[in-house]
Amino acid sequence: MPLKVGKGAAAPPFLVMDVIAAANARAAALPPGAPHVIRMEVGQPGTGAPAGAIAAVAAALRSGEPLGYTEALGRRSLRARIAAHYHDWYGLTVPEARVAVTVGASGGFPLAFLAAFDPGDRVALTAPFYPPYVNILTALGIQPVILEAGPDTRFQPSVAMLERLDPPPDGLIVASPCNPAGTMLHPEELAAIAAWCDAAGVRLISDEIYHGLNYDTPFASAASFSPHAVVVNSFSKYFSMTGWRIGWLLLPEDLIRPVECLAQNLFISAPHISQIAAEAAFDCHAELADNVARYRRSRAHLLHALPAAGFSRLSPAEGAFYLLADIADRSNDSVAFCARMLAETGIAATPGVDFDRARGNHFLRFSYCGPEADMREAAARLQRWQ
Ligand SMILES: Cc1ncc(COP(=O)(O)O)c(C=O)c1O
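Only a predicted model underlies this, so the values are computations on that prediction, with no experimental measurement involved. (Residues numbered from 1 in each chain as written. Predicted model: local features only at pLDDT ≥ 70, side-chain atom pairs only at ≥ 80, totals over all residues.)

Draft legend 1. Highlighting the domain arrangement of the chain. Along its sequence, the chain is carved into domain 1 (7-48 + 286-385) and domain 2 (51-284). Between the C-alpha centres of domain 1 and domain 2 the distance comes to 25 Å. Each partner contributes to the interface: domain 1 provides 35 residues, whereas domain 2 provides 32 residues. Listed by contribution, the elements that provide at least two residues to the side of domain 1 that touches domain 2 are helix H10 (285-308), strand E9 (322-326) and strand E12 (363-367). No other element matches the 8 residues that H10 contributes to the side of domain 1 that touches domain 2. Looking at the side of domain 1 that touches domain 2 residue by residue, the class counts come to 18 nonpolar, 10 polar and 7 charged. (Domains from an automatic or database assignment. Contact = placed C-beta atoms within 7 Å. Helix = DSSP H or I, 4+ residues; strand = E, 2+ residues; numbered from the N terminus. Nonpolar A, V, L, I, M, F, W, Y, C, P; charged D, E, K, R; others polar.)

Take a look at the structure:
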């Protein structure tokens, strides 16, 4: 008799992984001397952890420290350092007790969703979205409520959109800067959304993983506007530490103990060695600023060159390292378009269907976190290809 398979196993794939596999296969099969594959599908910095983080890890390993489990919410010194970061970057005083160290932002989502919501609850978010939000909510029996956003709101939610929801949802997820559009909620917009959430009794979850990667637009934390918001952040992007699997939540008072209990049961603690690296990364801003400067130059080049290559409808590139291109004038099948682009130009990009099931067929996402020379070469290849 076939055994039961739970609904969680029905989470859809993250299609970008298929694009990565196709780009890997093409790179492996290239004849010597052929133009290399340019990776614009990946959303992770090509740089490693900053030197200070590596040095701290080396010292910890040499010292023979046992590196056992930490407390479920993380090493106290790291939690204090993260709390200090809110003072340094946002002028906020937050007690370290509100900080929970997690296994990346990814590990923070199930903790936050389980602590804040019940199965059957409704949680709103805009499309296009980072796919795991919807897939994790669905796996937990929480209903995503999709608000279609477009260029008129820079692919971000607005209070007007939220007011049209009847009944109001139980929660709202926002991301600024967001993936895939790279757009931001401006501080006054985030403040208005947070105020609306508080007035309507809606739990705000704010994904701030791309903070630090903004260009001309200032960023603000939801923690500045609401004591009830859950802030999700990570060392993966600005801090360039994807594989270290380390992130954090800034929790409202009422969710600290529930998250602590969940964390104790679900993963005991985030990797100890990564916590040591993460704490040291806060002293590496000079090195990290070089990465941001490189993204800024690549972004400027692509914003200038892509329209001349037939990608004229680009999202405003306010932050992160993504450009969302509306390709409706070139294709209505972004999966086929990306496959052809990879085959004919050697450039991998992500089809929009990952991020927007209804409209993604005429969007694709370019990531510009790769080497600067590659980004220039990509623009030149695309101009020849159009
Ligand atoms: C918007 C957003 N949130 C969260 C994550 C997950 O990041 P991590 O688990 O590496 O911290 C990503 C990764 O690309 C992302 O783009």
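Draft legend 2. Main features of helix H7 (residues 187-200). Helix length check: H7, at 14 residues, gives a terminal C-alpha distance of 20 Å against a target of 20 Å (1.5 Å per residue), a fit within 8%. When we look at burial in H7, the residues that qualify are Leu-190, Ile-193, Ala-194 and Cys-197. Along the long axis of H7, the arc covered by the buried residues comes to 100°, so they all point the same way. Across H7 from its buried face, at more than 90 degrees, point the exposed residues Glu-188 and Ala-199. Where H7 is buried, its residues touch helix H6 (159-163), strand E5 (171-175) and strand E6 (203-207). Looking one or two residues beyond H7, the residue adopting positive phi is Gly-201, at roughly 70°. (Expected span 1.5 Å × (residues − 1). Buried ≥ 20, exposed ≤ 12 C-beta atoms within 10 Å, placed from the backbone. Arc of directions from axis to C-beta.)

Draft legend 3. Summary view of the sheet that holds E12. Across the sheet, 3 strands lie side by side as E9-E12-E11; this open sheet has antiparallel pairing. Of all strands in the sheet, those bounded by a partner on one side alone are E9 and strand E11 (350-351). In this structure, E11 lies alongside E12, joined through 2 bridges in antiparallel fashion. Across the sheet, Thr-350 pairs through a bridge with Arg-365, a residue of E12. (Pairing = 2+ DSSP bridges.)

Draft legend 4. Looking closely at the site of the ligand. Of all residues adjacent to the ligand, which total 13 residues, the nearest are Gly-104, Ala-105, Ser-106, Ser-234 and Ser-236. Counting residues per element, the shell around the ligand draws most heavily on helix H4 (residues 104-116), which supplies 3 residues. Each residue belonging to the shell around the ligand can be placed in one class, and the counts come to 4 nonpolar, 8 polar and 1 charged. (Near = placed C-beta within 6 Å.)

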